[in-house]
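Residues per chain, in single letters:
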Amino acid sequence: MKIMFKTPRQSPTTSPARTARVHFADLYAGYPGHPVLSQLSGEITRLTMTALVGPNGSGKSTLLGVLAGVIHPTSGELHCTGERQPAYVPQRGAVGDSLPLTVRQTVEMGCWGRRGPWRRLNGRDRTVVDAALDRLGVGDLAARQLGELSGGQRQRALIAQGLAQESDLLLLDEPTSGLDPEARERIEELLTALVADGVTVVQATHDLEVARRANACLLLQDGRLAGQGHPEEVLTTSALARIWQTL
Ligand SMILES: Nc1ncnc2c1ncn2[C@@H]1O[C@H](COP(=O)(O)OP(=O)(O)OP(=O)(O)O)[C@@H](O)[C@H]1O
């Protein structure tokens, strides 16, 4: 298994928007005694919104874990260009309601990777945290406990934590699932604005409308890639029928 991180070197003819932020080839990954992903080859193009789509259990979260570096492939190649570690925003349901954390403390945790074991924040970190709270519209909730928030508010706090990591690659696991249309739209608009600001965004989603609005799509079935490319080419009626009707 080969995992490589390298700083991108662009030739004069290479547009930065066209280069791969992550490239993987013949990738296998899973959990002890439970292989999930097999033979995955593909890429995440820089400065795009990529949607990971597939039925329950198809491996979307596992692939996000691999891209985030928290799940190590068992074999294959994973090449990451870029100097920063990805920022990973887990599923809202995976974050305990009873964690005794305020919204501000939750967002401050996004700075821990830069601050190391002592985790003492400096003035710049506090500015980054304030900016992330403001951008997600949760500044007025900063002193509230995470467990007291609505689903949409908690989701925005978690995305703010992702922003505080100041990465150019943001990975989100179902950021809009279970939210009302207004909250969903607000998060979608924010993610689109982040791409325009130079962030590469990858989100796992069950919402085919969200996936259709992405720039690229990876369609998973039973841990294998069933399609990749522009959503219009990947999420065809026949592909969706083939995958969902075999469940
Ligand atoms: N920690 C774990 N240990 C063992 N197996 C796991 C673990 N997490 C997930 N799995 C299994 O890996 C497979 C893929 O799960 P994964 O969560 O990646 O799918 P998914 O496409 O994100 O599903 P969903 O849409 O339901 O969130 C499933 O069979 C699941 O049961």
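Residues numbered from 1 in each chain as written. Predicted model: local features only at pLDDT ≥ 70, side-chain atom pairs only at ≥ 80, totals over all residues.

Per an unreviewed UniProt entry, the protein chain is named Zinc ABC transporter ATP-binding protein AztA, and its organism is Streptomyces ortus. Here is the UniProt Sequence similarities (unreviewed entry) comment for the protein chain, exactly as written: "Belongs to the ABC transporter superfamily." (UniProt positions renumbered as here; feature names shortened; annotations may be inferred.)

### Considerations on the environment of E232
The residue E232 is located in helix 8 (residues 231-234) in this model. Owing to 9 C-beta atoms within 10 Å, E232 belongs among the exposed residues under this scheme. In sequence terms E232 and V195 are 37 residues apart; their C-alpha atoms lie 20 Å from each other. (Helix = DSSP H or I, 4+ residues; strand = E, 2+ residues; numbered from the N terminus. Buried ≥ 20, exposed ≤ 12 C-beta atoms within 10 Å, placed from the backbone.)

### Comments concerning the sheet that holds strand 9 (residues 216-221)
Within the open sheet, the 6 strands sit side by side as 6-7-8-4-9-10. Their pairing is mixed. At either margin of the open sheet sits one strand with a lone partner, and together these are strand 6 (87-89) and strand 10 (224-229). Recorded for the sheet is a direction-independent mean angle of 15° between the axes of neighbouring strands. By the bridge criterion, 5 bridges tie strand 9 to strand 10 in an arrangement that is antiparallel. Bridging from a neighbouring strand, C217 pairs with G229 of strand 10. (Pairing = 2+ DSSP bridges. Axes fitted to C-alpha atoms, helices over the stretch in contact; angles between N-to-C directions.)

### A few points about the pairing of strand 4 (residues 49-53)
Burial analysis of strand 4 places 5 of its 5 residues in the buried class, which makes it a mostly covered element. Here strand 4 shows two buried faces, one formed by M49, A51 and V53 and the other by T50 and L52. Pairing geometry for strand 4 and strand 8 (residues 200-204), over 4 bridges, is parallel. In the sheet register, L52 faces strand 8, and the bridge partner there is A204. One ladder, built from 4 bridges, connects strand 4 with strand 9; its direction is parallel. Bridge assignment links T50 to a residue of strand 9, and that residue is A216.

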